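Observations on chain architecture
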Amino acid sequence: MKKFRLVVKTRNKNYPIIIGENILKKTGKIIKPILPNCRKVALIADANVPRKKLNKIKNSLKNYNCSIIRLNTSEKIKNLRTVNNLINILLKKNFHRDDCLIAFGGGILGDIVSLTANLIKRGIKFVNIPSTLLSQVDSSIGGKTGINSKYGKNMIGTFYQPELVISDIDTLKSLPKREIVCGYAEILKHALILDRKLFFWLQKNGKNILNLKNKLLIQKAIYKSCKIKTKIIEKDEKEKNLRMILNFGHTFAHAFEATKNFSGKINHGESVLLGMICAGEFALNKRILKKKEFTLIKKHYLLLGLPTKIGKYFKKKDIKNIIKFMKSDKKNSDLKIKLILIKKIGKSLGSKSFDEFQIKKYLNSRLA
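Residues numbered from 1 in each chain as written. Predicted model: local features only at pLDDT ≥ 70, side-chain atom pairs only at ≥ 80, totals over all residues. Heavy atoms only, no water.

Remarks on the overall build of the protein chain
Helices and strands together make up the secondary structure of the protein chain, namely 13 helices and 11 strands. Here the C-alpha radius of gyration of the protein chain, 20 Å, is about what a compact globule of 368 residues would show, namely 21 Å. Its C-alpha atoms put the protein chain at 60 × 40 × 35 Å along the principal axes. Seen as two clouds, the 78 positive and the 26 negative side-chain charges of the protein chain have centres 3 Å apart. (Helix = DSSP H or I, 4+ residues; strand = E, 2+ residues; numbered from the N terminus. Rg over C-alpha atoms; globule rule 2.2 N^0.38 Å. Lys, Arg positive; Asp, Glu negative; His and termini not counted. Charge placed at Lys NZ, Arg CZ, Asp CG, Glu CD.)

Considering the packing of aromatic side chains
Here the distance between the centres and the angle between the planes together describe a pair of aromatic rings. What the rule picks out here adds up to 7 aromatic pairs. Between F4 and Y223 the ring centres are 5.2 Å apart and the planes differ by 50°, which places this aromatic pair in the tilted class. Here F4, found in strand 1 (residues 4-9), pairs with Y223, found in helix 8 (residues 215-235); they are 219 residues apart in sequence, far enough to count as distant. Relative accessible area serves as the criterion here: at 11%, F4 is assigned to the buried category. Accessibility expressed as a relative area gives 21% for Y223, which makes it partly exposed. On the numbers, 5.3 Å between centres and 85° between planes, the contact of F199 with F200 is edge-to-face. (Phe/Tyr/Trp six-rings, centres within 6.5 Å; stacked < 30°, edge-to-face > 60°. Buried < 20%, exposed > 50% of the residue type's maximum accessible area, 1.4 Å probe, protein only.)

Remarks on the pairing of strand 2 (residues 14-20)
With 6 of 7 residues buried, strand 2 is to be regarded as a mostly interior element. The pairing of strand 1 with strand 2 spans 6 bridges and is classified as antiparallel. When the bridges of strand 2 are listed, V7 appears paired with P16. By the bridge criterion, 4 bridges tie strand 2 to strand 9 (residues 164-168) in an arrangement that is parallel. For G20, the partnering residue across the bridge sits in strand 9 and is D168. (Pairing = 2+ DSSP bridges.)

Description of the environment of E163
Inspection of the secondary structure puts E163 in the loop between strand 8 (152-156) and strand 9. What makes E163 buried here is its relative accessible area of 12%. Placed 150 residues apart in sequence, E163 and K13 show a C-alpha to C-alpha distance of 8.1 Å. The residues contacting E163, other than those within four sequence positions of it, are K13, Y15, P16, I34, L35, K125, F126 and V127. A polar contact of 2.7 Å, which involves the side chain of E163, links it to the side chain of K13. (Contact = heavy atoms within 4.5 Å. Polar contact = N/O pair within 3.5 Å; in protein donor to acceptor, adjacent residues only side chain to side chain.)

Describing empty space enclosed by the protein
The tally for this structure, following the rule as stated, stands at 3 cavities of 30 Å³ or more. Estimated volume of the largest cavity: approximately 90 Å³. Along the wall of the largest cavity there are 16 residues; nearest its centre are F126, N128, S139, S140 and K144. Those elements giving two or more residues to the lining of the largest cavity turn out to be helix 4 (107-119), strand 6 (125-130) and helix 5 (133-139). If you tally residues by element for the lining of the largest cavity, the top one is helix 4, at 4 residues. Its residues assigned to classes, the lining of the largest cavity shows 4 nonpolar, 10 polar and 2 charged. Of the pockets and cavities examined, the second largest cavity occupies roughly 70 Å³. At the level of elements, strand 8 and helix 9 (250-259) are the ones that each hand at least two residues to the lining of the second largest cavity. (1 Å grid on protein atoms, 1.4 Å probe; cavity = no way out; pocket = protein on both sides within 12 Å on 5 of 7 lines; lining within 4 Å. Points joined across faces, edges and corners; volume = space filled by probe spheres on them. Nonpolar A, V, L, I, M, F, W, Y, C, P; charged D, E, K, R; others polar.)

Considerations on helix 3 (residues 80-92)
For an α-helix, 3.6 residues make a turn, and residues three or four places apart therefore share a direction. With 13 residues, helix 3 ought to run about 18 Å at 1.5 Å a step, and its terminal C-alpha atoms sit 18 Å apart, in line with that. T82, V83, L86, I87 and L90 are the residues of helix 3 that are buried. One side of helix 3 carries all its buried residues, which in axial view fall inside an arc of 135°. Away from its buried face, by an angle of more than 90 degrees, helix 3 presents the exposed residues L80, R81 and K92. Lining the buried residues of helix 3 we find strand 3 (40-46), strand 4 (65-71), strand 5 (100-105), helix 4 and strand 7 (147-149). Its side-chain oxygen at 3.2 Å from the backbone nitrogen of R81, N79 defines the N-terminal cap of helix 3. (Expected span 1.5 Å × (residues − 1). Arc of directions from axis to C-beta.)

Nothing here speaks to function; it is geometry throughout.
As structure tokens, then:
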């Protein structure tokens with residue numbers, strides 16, 4: 001099967017995204033021309049990735065001084081303590097600016113490792129090998145690093161672009177359905193904010209994507225999604241304006257996750273799906289989104305069995321905490337809460353500010 005290739009062109013750096021099947025074994029060969037001066041590599045992997053896949057990467061790096069570090073990854077280790085521990089290990093091994101950290105895991109691991117790479121000696125090389133559908137279509141692209149604090153999700157971070165992203169669809173086989181749904185949430189988001197044609201393509205192919213039944217479809221879905229995100233990042237690398245539309249559904253979503261204390265009772269993808277349906281319904285109530293458009297979105301959710309009911313996860317007593325975390329969202333610049341909304345499928349309105357009372361009224365109606 002052929003490989004798909006995209007190049008992200010930012011003001012600071014151009015880097016390729018390579019999407020293919022069974023390409024982990026070629027990692028060393030792919031890296032060599034991109035990082036000709038690299039001697040040391042730290043392969044930092046999620047403890048849950050299959051050993052067989054990890055060994056494929058490790059064996060491809062036999063010409064490098066390679067260290068393996070495995071982390072039991074979860075939102076609870078996405079903090080300064082983990083980053084500090086990694087920095088100490090790598091400084092002790094005397095990593096230089098031309099040396100490289102490789103992240104092999106999902107978005108949480110990628111966020112931790114990319115921030116670590118950015119902080120060591122003011123920046124060493126970073127390669128991302130995302131192992132989940134969510135990270136392949138979203139967090140591995142665009143250079144956002146981030147860790148959590150008690151004040152909310154991703155409150156501490158930087159922008160630091162990788163040298164390379166390698167997405168191997170073979171890594172998706174070992175994932176539970178719930179993780180595939182997570183990734184699908186971001187593919188759907190990209191369609192809703194910027195690509196109406198992609199939305200109707202997903203209407204036709206969504207079930208086969210979620211069931212991983214057609215390898216070419218999976219590659220195309222990842223490629224199409226990455227292409228949309230790349231287009232946005234190239235115009236707005238540091239999230240000053242256009243890039244904010246990528247946060248559609250995320251103001252609700254991050255608050256949902258934080259309210260559950262990142263416990264796994266609701267994961268990131270499920271939170272984003274709920275956040276998008278909430279943002280869509282809120283826009284409908286404000287007469288920003290037409291009922292016909294919202295109905296199309298909701299039908300898509302029901303067709304694929306995606307989560308639509310926040311009452312399954314939250315009770316009225318949770319509203320206070322949800323609002324608290326929404327107010328602390330990093331997009332806000334005043335006392336109001338900023339939401340990214342869409343006017344119709346494939347067309348974003350951008351950010352719009354609302355007072356706490358309006359959001360609270362909406363959540364009360366959903367949790368009545």
